[in-house]
4 protein chains.
Amino acid sequence: MAIRQKCIKKRKALLNATLNLVNNNGFHDAPMSKIAKMAEVSPATIYIYFENKQDLINQLYLEVKSEFSTYVFKNYNEKDCIKDSFKQVWMNIADFKLNQIEASNFLSQCDNTPMIDEDSRQAGLKNLQPLINLWERGQQKGVIKLISPYLLYAYTVYPLSFLSNMKQKQTFVLSEKGLEEAFEAAWDSIKL
Amino acid sequence: MAIRQKCIKKRKALLNATLNLVNNNGFHDAPMSKIAKMAEVSPATIYIYFENKQDLINQLYLEVKSEFSTYVFKNYNEKDCIKDSFKQVWMNIADFKLNQIEASNFLSQCDNTPMIDEDSRQAGLKNLQPLINLWERGQQKGVIKLISPYLLYAYTVYPLSFLSNMKQKQTFVLSEKGLEEAFEAAWDSIKL
Amino acid sequence: MAIRQKCIKKRKALLNATLNLVNNNGFHDAPMSKIAKMAEVSPATIYIYFENKQDLINQLYLEVKSEFSTYVFKNYNEKDCIKDSFKQVWMNIADFKLNQIEASNFLSQCDNTPMIDEDSRQAGLKNLQPLINLWERGQQKGVIKLISPYLLYAYTVYPLSFLSNMKQKQTFVLSEKGLEEAFEAAWDSIKL
Amino acid sequence: MAIRQKCIKKRKALLNATLNLVNNNGFHDAPMSKIAKMAEVSPATIYIYFENKQDLINQLYLEVKSEFSTYVFKNYNEKDCIKDSFKQVWMNIADFKLNQIEASNFLSQCDNTPMIDEDSRQAGLKNLQPLINLWERGQQKGVIKLISPYLLYAYTVYPLSFLSNMKQKQTFVLSEKGLEEAFEAAWDSIKL
DNA sequence: CATGAATGAGCTTTCATTCAT
DNA sequence: TATGAATGAAAGCTCATTCAT
């Protein structure tokens, strides 16, 4: 057990180092040697835990994505009121995007560059099904516009990525009030 | 003049090749040698037109960004009706994001990775001033919510990036009707 | 004893694995890790039985060489007739070269590349002394040409290496009749 | 032209360095860095002339093989007397094997290890056709045994590889008289 | 005796950039 | 202006070997 623990720790350290470097320098300037140094292991050690650089990135993507979806549905149980249910989920996402900036930023890079395998990307997609279900229920109840879930996502969740981006660049930081305004904008855009 | 023309052509070919390769392979797999080959020049020739790789990327970013802002304010003149004015601009942006996918995709990469200099990014920011002015006028007239322009942008313009992304990946393509729905969502999110 | 047995088994498994890999991939693509995997032991275990990779190769060479000489003088006892004695030995060699192809192939590699220590090579040389004695007797009796044993070897034994090589590459396989022809060629080349 | 000449010189230097190192250290200890150093170029330069290490080895093999066949049929024109014709060719081969030891040794390594592609090996095979034709003529005239050309080769040409090997290791050096004896052995083995 | 994990050294190869022409 | 050839530096990765258990 002591051994396994140590192993898991090293793996985690490597994933953290990668996240860090890719975020700050970009994928193109995150060489294995730097990753190893930052994780305080030998470069060769990386290849005990990961097949190659691509695999390291892919696995990191999947872990972060899964971390994200855990976040999203924290304390979520379907309530009667669609808006309340939605607000709960939306606030969770906002919490993640605005407070787990490192993770959020990494996901943005992955989604906007060809740096992870299409397979891994596909595997990481299926995380928001409960939200889609919620939207559908809202549509059946006549509370939410009858438009594609892609549009619903684009206008409620995706804007948070921009706000996350701005916060990370210290260009614009959302206040408590701003957060409420943001939610209202999201809700207004899709409510019937 | 013939010579100048030819020069400009080579420069353009290099920028195109770079755009192409960065979009398809990512910045990390767009080496100068491939760029040169695709533009049908010698690698050494690149350094006649650009100081180094970073400069090439920066200049490309600025050109594409400026191309974008030309697009945005095509046929734009301030009208009485805020919504109409806004719709004109919004549709221009949508047109760009959904039809100039290569360019749009490249800008997304630039905005989500540390691949261009902060200086160039700053220089590319000031392109949407007229839109900001429009919003301000709308706010003064009581037509638009009194919220930060960052929020206005996040909920009206930024969602189009997501839709562009989806189109490029052939995951979801917006119909004519969908486009109208998208605009309504955008407008609903910010109108008072 | 049971333990000893097991140990010997592991050693044998390692030698077999090495033979196999060196034959199929070449010395340059027979890493310790692959050898270990093929022998179903840990890489570290190799170093219990062998000092290092060179030692492993050297020991393998000596074992195979000794296996060879056991083969060569199977059923051999000096008879009156030189030709008969020689034929017995020659057929043994042919048997080895054409049926123990793996072993034969490995020895060929060793003899044609600088992959084993000169010491081990020298140690492996002294195996054919009885054959040399036989030749000498033949020469004294006026049955065999008075030429260097190196020449005798080159024209009677060495050609079998070529035929072994061809068989292994499935380029040319000797028939029963061909084997007799081969012996006659060998004998003709050295008989007086 | 001056440029081309220089190019060819570098290519040649690289091939020579490779021959040298592979002969002395073996394929497994002939790293690109050493090859580059010996040829007095940068490691990166190798990749201007060769696709990769395998390609370098393959090309070297083909060049040496072709050099060999040029040697073999030097001053060769079909004469009436089969033995004389054969002797001419045989002596050429002996000359090559015993005096171009580096080249000869390299070919031996290639033929006894899996270090070159099967394709290249096949391409290098067709060099001895005129010799095969000669043997056939000899067989038709009733001068040479009616046995497979593989056997003819094994007993006349292949022994020279052994003698070359011995000479290179300074174990046994053929005298002028020895050479004649060797030829007689070769001829005796195949003549009717 | 046996091992999985770890590693420093070194491998092949690529890259951004320069230089002679 | 334009280039093919050249390269030092560094990339991703592998390997023989060691060590804590």
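The model shown is predicted, which means the values in this text are computed figures rather than measured ones.

### Thoughts on the pattern of salt bridges
Inspection of every chain in the model, using the stated rule, returns 38 salt bridges over all chains. The residue K87 of chain C makes a salt bridge to E180 of chain C at a minimum N-O spacing of 3.2 Å. Of this pair, K87 of chain C sits in helix α5 (residues 82–99) while E180 of chain C sits in helix α11 (residues 176–190), and the two are 93 residues apart along the sequence. Here K145 of chain D and D188 of chain C are joined by a salt bridge, their closest N and O atoms 2.6 Å apart. Taken together, the residues K145 of chain D in the loop between α8 (129–140) and α9 (149–156) and D188 of chain C in helix α11 connect one chain to another. The buried category is assigned to K145 of chain D, whose relative accessible area is 13%. Among the ionic contacts, a cluster of salt bridges with common partners joins R11, K12 and E63 of chain A.

### Details of the protein's contact with DNA strand E
As a structural note, the neighbourhood of DNA strand E is formed by 28 residues, with T45 and Y49 of chain A together with A44, T45 and Y49 of chain C the closest of them. Here a phosphate oxygen of DNA strand E and a side-chain polar atom of Y47 of chain B are 3.0 Å apart. The contact in question runs from a phosphate oxygen of DNA strand E to an N or O atom on the backbone of M32 of chain D, over 2.6 Å. The set of elements that each furnish at least two residues to the surface near DNA strand E consists of α1 (2–25) and α3 (43–49) of chain A, α3 (43–49) of chain B, α3 (43–49) of chain C together with α2 (32–39) and α3 (43–49) of chain D. A breakdown of the residues in the surface near DNA strand E according to their chemical character gives 16 nonpolar, seven polar and five charged.

### Observations regarding the interface of chain C and chain D
Contact with chain C, which involves 46 residues of that partner, is made by 46 residues of chain D. Here chain C meets chain D over a buried area of about 3,500 Å², counting both sides, of which 68% is carbon and sulfur. Three residues, Y150, Y155 and F162 of chain C, lead the burial of chain C against chain D; their summed loss comes to 20% of the area buried on that side. The interface formed by chain C and chain D holds two salt bridges in total. Counting across the interface, chain C meets chain D through nine residue pairs in polar contact (both at pLDDT 80 or more).

### A closer look at the interface of chain A and chain B
For interface size, the figure often reported is the accessible area lost on association. Tallying the contact residues gives 46 residues for chain A and 46 residues for chain B. Between chain A and chain B the total buried area reaches about 3,500 Å² when both faces are included, carbon and sulfur atoms providing 68% of it. There are two salt bridges connecting chain A and chain B. There are nine residue pairs in polar contact (both at pLDDT 80 or more) connecting chain A and chain B. Ranked by residues supplied to the side of chain A that touches chain B, first place goes to helix α11 (residues 176–190) of chain A with eight residues.

### Overview of the arrangement of the chains
Contact between chain A and chain C is absent, and the minimum C-alpha spacing across the pair is 13 Å. Note that chain B does not reach chain C: the shortest distance linking a C-alpha of one to a C-alpha of the other is 29 Å.

### Details of the relation of the copies chain A and chain B
Once chain A is rotated about the relating axis by 180 degrees and shifted along it by 0.0 Å, it coincides with chain B to within an RMSD of 0.1 Å. Such values leave the two copies arranged in the relation of a two-fold axis. Mapped onto chain B, 100% of the interface residues of chain A are again interface residues, and the two copies thus contact each other with one and the same surface.

### Here we look at the nonpolar core
Residues W90, F106 and L163 of chain A together with W90 and F106 of chain B are the most contacted members of the largest nonpolar core, which totals 131 residues. If near-sequence neighbours (up to four positions away) are discounted, W90 of chain A is found in contact with T156, L160, L179, A182, F183 and A186 of chain A together with Y155 of chain B. If you look at the next biggest cluster of nonpolar residues, it comprises 130 residues, including V22 of chain C together with Y61, Y71 and L134 of chain D.

### Some remarks on the packing of helix α6 (residues 101–112) of chain A against helix α10 (residues 158–168) of chain A
Residue and element names in this part refer to chain A. At their nearest, the axes of α6 and α10 sit 10 Å apart, and the two run at 120 degrees to each other. Looking at the two axes, α6 sits oblique to α10. Helix-helix and strand crossings are classified by hand; for α6 and α10 the assignment is left-handed. Listed contacts from α10 to I101, S104, N105 and N112 of α6 are Y158, S164, K167 and Q168. For the contact of α6 with α10, the per-class residue count stands at two nonpolar, five polar and one charged.

How each quantity is defined
- Sequence order as written defines residue numbering, which begins from 1 separately in each chain.
- The order in which chains are written sets their letters, starting at A; the order in which ligands are written sets their numbers, starting at 1.
- For a predicted model such as this one, the threshold for reporting local features is a pLDDT of at least 70, and the threshold for listing and counting side-chain atom pairs is 80 or more; totals across whole chains, interfaces and linings nevertheless cover every residue.
- Note that the side-chain values use all heavy atoms of the structure and ignore hydrogens as well as water.
- The rule for a salt bridge is simple: a side-chain nitrogen of Lys or Arg has to be within 4 Å of a carboxyl oxygen of Asp or Glu.
- Each helix is a run of DSSP H or I of at least 4 residues and each strand a run of E of at least 2, with the numbering of both proceeding from the N terminus.
- Partly exposed residues are those whose accessible area sits between 20% and 50% of the maximum for their type, while under 20% is buried and over 50% is exposed, using a 1.4 Å probe and protein chains only.
- Only a single heavy atom is needed: when it lies within 4 Å of a molecule or strand, its residue is near that molecule or strand.
- Polar contact is the term for a pair of N or O atoms within 3.5 Å; when the atoms are in protein, one must be able to donate a hydrogen and the other to accept it, and sequence-neighboring residues count only if both atoms are side-chain atoms.
- Gly counts as polar in this scheme, as do all residues outside two lists: the nonpolar Ala, Val, Leu, Ile, Met, Phe, Trp, Tyr, Cys and Pro, and the charged Asp, Glu, Lys and Arg.
- Any two residues whose heavy atoms approach within 4.5 Å are treated as being in contact.
- Here the quantity called buried area is the accessible surface, traced with a 1.4 Å probe, that two parts lose on coming together, added over both.
- When the copies are overlaid, the least-squares fit takes in C-alpha atoms only where the residue has pLDDT of at least 70 in both copies.
- Only buried Ala, Val, Leu, Ile, Met, Phe, Trp, Tyr and Cys residues count toward a nonpolar core, and they belong to the same one when joined by side-chain atoms within 4.5 Å.
- A fitted line through C-alpha atoms represents every axis, and for helices the fit uses only the stretch in contact; the resulting angles, taken between N-to-C directions, go from 0 to 180 degrees.
- Roughly parallel refers to an angle under 35 degrees, roughly antiparallel to one over 145, roughly perpendicular to one between 65 and 115, and oblique to any angle outside these ranges.
- For a crossing to be left-handed, the near helix must be turned anticlockwise from the far one by less than a right angle; the clockwise case is right-handed.

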